[in-house]
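# Residue-level structural notes
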Amino acid sequence: MRFLLLCLLALVATAARADDAALKQKIVGNWKLVSVVYEDQESKARTPVYGEHPRGRQIATADGIWLALVTAEGRIVPKTDEERAQALRTMIAYTGRYRVEDGKVITKVDAAWNEGWVGGEQTRFIRFEGDRLFIESPPMPHPNQNNRVVRVIVIWDREK
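The structure contained in this document is the topic of the report that follows.

Analysis parameters
- Residues numbered from 1 in each chain as written.
- Predicted model: local features only at pLDDT ≥ 70, side-chain atom pairs only at ≥ 80, totals over all residues.
- Heavy atoms only, no water.
- Buried < 20%, exposed > 50% of the residue type's maximum accessible area, 1.4 Å probe, protein only.
- Helix = DSSP H or I, 4+ residues; strand = E, 2+ residues; numbered from the N terminus.
- Pairing = 2+ DSSP bridges.

### So, the pairing of strand S10 (residues 149-158)
Within S10, 7 of the 10 residues are buried, which leaves the element mostly enclosed by the surrounding structure. Where strand S1 (residues 29-40) meets S10, 9 bridges bridge the pair, whose relative direction is antiparallel. By the bridge assignment, Asp40 is partnered in S10 with Val150. Pairing of strand S8 (residues 132-136) with S10, which is carried by 5 bridges, proceeds in the antiparallel orientation. Paired with Ile135 across the two strands is Val154, which belongs to S10. Pairing analysis gives 2 bridges linking strand S9 (residues 140-141) to S10, with the strands arranged antiparallel.

Encoded structure:
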């Protein structure tokens, strides 16, 4: 019975690794931002915090480099300290080495707009619908939302 159980677990683990390999192959490329929505974990309200037409790009290379940049619509060229602070609050950017495990992309951050992320890992759930990539964070305190707990839902289209 133990042998059968071990064989079954090995089969499931092999299938999961195969799925992760397929996801990693599919995620490689250049992606253009479609939308960013924050889902408040208390109210479940969804807000397009970077506007209806944010800008951004995500790049995932075959050798494991991840780069994501998101900026809100309507940003101005900052001229004052307050405007520079607002510019920082209206963006997300981070990069590092990534891996795909259990249907998630996990990035070991080596540079970010939020120094608190550097040296840590950012975990995102991923799924695809054709050439559209959906990336969702687990609920987390977000630095651009006064550490309110939100789930970030980001949609990207593959660039051809």
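### Re the pairing of strand S3 (residues 55-60)
Alignment of S1 against S3, held across 4 bridges, turns out to be antiparallel. The residue of S3 that forms the bridge with Gly29 is Ala60. Sheet topology places S3 next to strand S4 (residues 65-71); 6 bridges connect them, and they run antiparallel. When the sheet's bridge partners are listed, Ile59 is paired in S4 with Leu67. Between S3 and S4, which pair antiparallel one after the other, the connecting turn spans 4 residues, and Gly64 there sits at a positive phi close to 95°.

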